[in-house]
Every structure is written in C-alpha cells, then in structure tokens.
Amino acid sequence: MASRSAGEPRQSGRLSDRVREQHTAVHALLDEGLGLRPIARRLGLARNTVRRLAHAATADELLVGRWTGRSSILDPYKPYLHQRWTEGCTVARRLFEELRERGYPGGESVVKKHVQRLREALPHDDPPRKAPSVRDVTGWLTRRPDRLDDDQEQQLKTILARCPELDRTAGHVRAFAELMNNRQGQDLDKWIERVQADDLPALHGFVSGIGQDRDAVVAGLSLSYSSGAVEGHNNKIKMLKRQMFGRANFDLLRKRILLTACGRS
C-alpha cells in the first residue's frame, strides 16, 4: 500500500471525516442562501467554526495546513491523538501521558503545540446552544415584534413552526395586545368568539375568567385610567408585612406604612 506523502491530507479517520461532513453541510446551506448565523444554529456549531468552513474551498484546506504537512516525531501517534480529541479529551497533559504509555519518545511541549493548533483550527466541542426557556418564549410572545432582535425572532419562528397550537395561541395573544394598546374594548366580543372557535383549552379558561367580570375588562381595554399606582402601593404594603412578620406588632406596621406614604423610609 502506498504511503501518504507529507503534504497529503488524511483520507479517513474520525477527525477528517467529521471535518468533511461539516464542510459539505455548511456549503450546501450556503448554496441555499442561508447566512452564517442560521447555519450555525441549524448545525449546532459556533459561528467561528462555520466561518472557517465557509471560507475553505475544500475540506482539505482545513486538513492540510502549515502544521499538518510537516514531518514530526508525533506523526505516528496523531491518529490516536485525533481519535481521543473527537472523543472529548482535549487536555494536553492527559493526552501526553496517554501517548507516553504507547511509546511516544518526544516531549510534552510538542503535544501541547499540536493540541493548541487543533484547538485553533478545529474546536472540539462548540458550546451547545442553550434552548430557550418557557420564560424566554413567553416574553417573546408578549413583547412587541419590533422589539425582538433577529436571533430572538428567528428562534420564535422556529418554535412556532414546530407547534401549530402555540402558533395559533400566539396569534390570539397578539390580537389581544392590539386591543389593549389601541383601547379597542368594543372589539372584545369578536376576539372572544375567535378564541372559542379555536381548540385551545388554556385560552378558553382565560375567556371564562373574562366573562365573570366582562364590564370591568371592557372598561380596562377602553379607558385611559390605570390602577397601576394602587397596585404599586399594595405591593409595597405586602413587602413591609413580609419584612416585619414575627418581629413587630400592628402599631409599628401602621407607622411604617404612613411614613412610606409620606415619602420617608
């Protein structure tokens, strides 16, 4: 079997196969017109990794560089080193000890330099993208669409595309927000009819609650008055009660509330 020349890339192996698969996937998505950020999100890669793959015309450009084409005392041990790298072992000291057990005669500095080059050229594990929490999604649904950045907007679109029920719920939530923002209390009944015609039990419960005090809800959606100040005072009183629970009597609580109302602490 012919031996591989010094400047020729490895044709197989876990590391080289992984690079070629990623390079093919990235360029296929580039051909579809996707940008680097959407590609990174779809493939679960860091944008820097996607950028390197996108700028390389072929995978061999990443597999053959100024350091892979040189003869080194480490060459016979690189297949094992690359295997351990793809398995998750990226600590140079530990890799050096494993290679020494397999007969590696060189020093630790050679291994450290090679590991550093691997880390720069082919990061082992790009930080996994954190999945949005329920609070994140709820905030995106209740926020004005123009206040979402591009990444939040794209994530929300992806989530809604995967869950038709949530997509319909989002439509009703935004329609209700329009009623509040534009003070269109007179259109509340139409909104309720649309919700009741949809198979969304959670919203049906919300609509039932509205029906118990419909006139107040219509007034709240129509008038410019707000009970926010009253609710703020209620929250402040509850905070004082929690601070003093089991420590003082009613007289002291009364004095603190009155002092707070007068602007004193």
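Notes on the structure follow.

The rules we used
- Residues numbered from 1 in each chain as written.
- Predicted model: local features only at pLDDT ≥ 70, side-chain atom pairs only at ≥ 80, totals over all residues.
- Heavy atoms only, no water.
- Helix = DSSP H or I, 4+ residues; strand = E, 2+ residues; numbered from the N terminus.
- Buried < 20%, exposed > 50% of the residue type's maximum accessible area, 1.4 Å probe, protein only.
- Contact = heavy atoms within 4.5 Å.
- Areas by Shrake-Rupley, 256 points an atom, 1.4 Å probe, with all protein chains shown as cover.
- Expected span 1.5 Å × (residues − 1).
- Polar contact = N/O pair within 3.5 Å; in protein donor to acceptor, adjacent residues only side chain to side chain.
- Axes fitted to C-alpha atoms, helices over the stretch in contact; angles between N-to-C directions.
- Parallel < 35°, antiparallel > 145°, perpendicular 65-115°, else oblique.
- Core = buried A, V, L, I, M, F, W, Y, C linked by side-chain atoms within 4.5 Å.
- Phe/Tyr/Trp six-rings, centres within 6.5 Å; stacked < 30°, edge-to-face > 60°.

What follows is about the overall build of the chain. The helix and strand tally for the chain stands at 15 helices and 0 strands. Relative to its full complement of 265 residues, the chain shows a buried share of 28%. In the chain, the share of contacts with a sequence separation of at least 24, taken over all contacts with a separation of at least 6, comes to 53%. When the accessible area of the chain is evaluated, it comes to approximately 17700 Å², of which 51% is carbon and sulfur surface.

This part is about helix α9 (residues 150–162). In this model α9 runs 19 Å from its N-terminal to its C-terminal C-alpha over 13 residues, within 8% of the 18 Å that 1.5 Å per residue would give. Contacts from the buried residues of α9 go to α2 (36–43), α8 (134–142) and α10 (164–181). Structurally, the start of α9 carries an N-cap: the backbone nitrogen of D151 is 3.1 Å from a side-chain oxygen of D149.

The next thing to look at is the packing of α9 against α10. Relative to each other, α9 and α10 sit at 120°, their axes nearing to 5 Å. Taken together, α9 and α10 sit at an angle that is classed as oblique. On α10, the residues that touch L156, I159, L160 and R162 of α9 are P164, L166, D167, A170 and R174.

Our focus in this paragraph is the nonpolar core. By size, the foremost hydrophobic cluster in this structure holds 13 residues, and its most contacted members are L74, L95, L99, Y104, V111 and V115. Those elements that place two or more of their residues in this core are α5 (78–86), α6 (92–101) and α7 (108–121). Looking at this core element by element, the count peaks at 4 residues for α6. Setting aside its immediate chain neighbours within four residues, V115 contacts W85, T90, A92 and L95. By size, the runner-up hydrophobic cluster in this structure holds 12 residues, among which are W191, I192, I210 and V218.

Turning to the packing of aromatic side chains, a few remarks are in order. A full pass over the atoms with the stated rule returns 5 aromatic pairs. Here the aromatic rings of Y77 and Y104 are separated by 5.5 Å at their centres, their planes lie at 80°, and the arrangement is edge-to-face. Within this pair, whereas Y77 is found in the loop between α4 (60–63) and α5, its partner Y104 is found in the loop between α6 and α7, the two being separated by 27 residues in sequence. Each ring, one from F176 and one from F206, has its centre 5.6 Å from the other, and the planes form 80°; the classification is edge-to-face. Of the two residues, F176 is situated in helix α10 and F206 in helix α12 (residues 201–212); the sequence distance between them amounts to 30 residues. With a relative accessible area of 13%, F176 lands in the buried category. What links up through ring pairs into an aromatic cluster is the set Y77, F96 and Y104.

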